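Letter by letter, the chains look like this.
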Amino acid sequence: MSGTSVGTIPNLSFVQQGRLLEIEAIEGGRQSNEFSTCPSAELSEDDGPVGLTSTDDIQETEERVNDLQMYVPYAQRAFKQRGLTYPFRISSSRASLEDVPIHADLARDCADLSAVVGISKEVAKQFELRAFRALHELIGGWAVCVGTPRNDGTGCRRAVARFRNLLRDSERGMYENPDPPKSGDYGMDGVWILGREWGGPVVLLQVKNSFFDTEKFSSDFFRQSDALRQWFGKRLDQRRAVITVVALNTILTVEQKEAAFEASKAGSGYHIIDIVDILFAERRGTDVVRDTRDEM
């Protein structure tokens, strides 16, 4: 696979399953593997019911139990690393989740994000905006969200012109695309210039409303230089350091983020913000204190 070596990335399918159970915990209703009766006439002998529960349902329950045994400690660690408490716990059935009452609001926000994974267009745009605002809350600096669809429906030519009007002369190049597409964002959803007064590094944000799957975004890394050229009018990556950040609708521990960075080829490492970072940033300044400065 281009840009990464998947050999060091573990299977995180249990995270996807755990997040589905978060949705189930908030939305309520009967579990997908619970039935009051079983249509055994349509089952083979091997798939026949045990009592009133089909073999398939028993197997699914076992899988749910196993997934939760991995997922909950994993999610607890990820939330704790950001100064938050994971708002769900395993129910008495051991095959489902329930929200922790004192963290009900956080649980609903978490489940709402789980429910929109993979949904495109307007929903994806809202996730993009939440990720952009969260990263800005976390790092500050001068930043612009340029991803599509844009609020006013602006096409590429007008969006680039508007963006360049926000730049300083030292940040703006001469290149202009003679035939820009009618829509799109050239593979860049948000951009920061850190330390504008002293010519600091650039942070380039890509947002994917998806699970952790490097196949979905690794190819974009090879377009970054051109993306910066399209927006800034020059290949800013050849003049300043570029910090790549990918926002994903998933849950990752800090260790998994570091593993993803390590798995990238030299010079193409990327940082990740996930929904835990987004939830933390949205609650920053309330009951969480994070910033520290020490002078020695």
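Residues numbered from 1 in each chain as written. Predicted model: local features only at pLDDT ≥ 70, side-chain atom pairs only at ≥ 80, totals over all residues. Heavy atoms only, no water.

Caption draft 1: Inspection of the overall build of the protein chain at higher detail. For the protein chain, the count of helices and strands is 8 helices and 9 strands. Of all 296 residues assigned to the protein chain, the portion counted as buried reaches 47%. Contacts spanning at least 24 positions in sequence make up 69% of the contacts within the protein chain whose residues lie at least 6 apart. Carbon and sulfur atoms form 48% of the exposed surface of the protein chain, whose accessible area is close to 16000 Å². (Helix = DSSP H or I, 4+ residues; strand = E, 2+ residues; numbered from the N terminus. Buried < 20%, exposed > 50% of the residue type's maximum accessible area, 1.4 Å probe, protein only. Contact = heavy atoms within 4.5 Å. Areas by Shrake-Rupley, 256 points an atom, 1.4 Å probe, with all protein chains shown as cover.)

Caption draft 2: Seen up close, the packing of helix 3 (residues 104–115) against helix 8 (residues 275–283). Running from amino to carboxyl end, helix 3 crosses helix 8 at an angle of 135°, the nearest separation of the two axes being 11 Å. Of the possible angle classes, the one that applies to helix 3 and helix 8 is oblique. Crossing of helix 3 against helix 8: the hand is right-handed. Across the interface between the two elements, Asp105, Leu106, Asp109, Cys110 and Leu113 of helix 3 pack against Ile275, Leu279 and Arg283 of helix 8. Classifying every residue of the contact of helix 3 with helix 8 by side-chain character gives 5 nonpolar, no polar and 3 charged. (Axes fitted to C-alpha atoms, helices over the stretch in contact; angles between N-to-C directions. Parallel < 35°, antiparallel > 145°, perpendicular 65-115°, else oblique. Left-handed = near helix turned anticlockwise from the far one by under 90°. Nonpolar A, V, L, I, M, F, W, Y, C, P; charged D, E, K, R; others polar.)

Caption draft 3: Expanded view of the nonpolar core. With 49 residues, the main nonpolar core has Phe79, Phe212 and Ile251 as its most contacted residues. When contributions to this core are tallied by element, the ones reaching two or more residues are helix 1 (13–27), helix 2 (55–81), helix 3, helix 4 (122–139), strand 7 (202–208), strand 8 (242–248), strand 9 (271–273) and helix 8. (Core = buried A, V, L, I, M, F, W, Y, C linked by side-chain atoms within 4.5 Å.)

Caption draft 4: Broad picture of the sheet that holds strand 8. Taken in spatial order, the 5 strands make up an open sheet running 5-6-7-8-9, and their pairing is mixed. Of all strands in the sheet, those bounded by a partner on one side alone are strand 5 (142–145) and strand 9. Going from strand to strand, the sheet's axes swing by 20° on average, the running direction of each strand aside. Across 4 bridges, strand 5 lies against strand 6 (residues 190–193) in antiparallel orientation. Following the sheet pairing, alanine 143 is matched in strand 6 by tryptophan 192. Packed onto the sheet, helix 6 (residues 224–232) meets strand 6, strand 7 and strand 8 and runs at close to 110° relative to strand 7. (Pairing = 2+ DSSP bridges.)

Caption draft 5: Structural detail: the packing of aromatic side chains. Applying the stated rule across the entire model yields 10 aromatic pairs. With a centroid separation of 5.3 Å and an interplanar angle of 85°, the aromatic rings of phenylalanine 14 and tyrosine 74 are classed as edge-to-face. Of this pair, phenylalanine 14 sits in helix 1 while tyrosine 74 sits in helix 2; the two residues are 60 residues apart in sequence, bridging distant segments of the chain. Centroid distance phenylalanine 132 to tryptophan 192: 5.1 Å. Interplanar angle 45°. Geometry classified as tilted. Of this pair, phenylalanine 132 sits in helix 4 while tryptophan 192 is found in strand 6, placing the two residues 60 residues apart along the sequence. Of the residues examined, tryptophan 192 reaches a relative accessible area of 0% and is grouped as buried. Chaining the aromatic ring pairs together yields one cluster made of Trp142, Phe163, Tyr186, Trp231 and Phe232. The ring of tryptophan 142 carries the charged tip of arginine 196 above its face, separated from the ring centre by 4.0 Å. For the cation-ring pair, arginine 229 lies above tyrosine 175, with the distance from its terminal atom to the ring centre recorded as 3.6 Å. (Phe/Tyr/Trp six-rings, centres within 6.5 Å; stacked < 30°, edge-to-face > 60°. Lys NZ or Arg CZ within 6 Å of the ring centre and 35° of its normal.)

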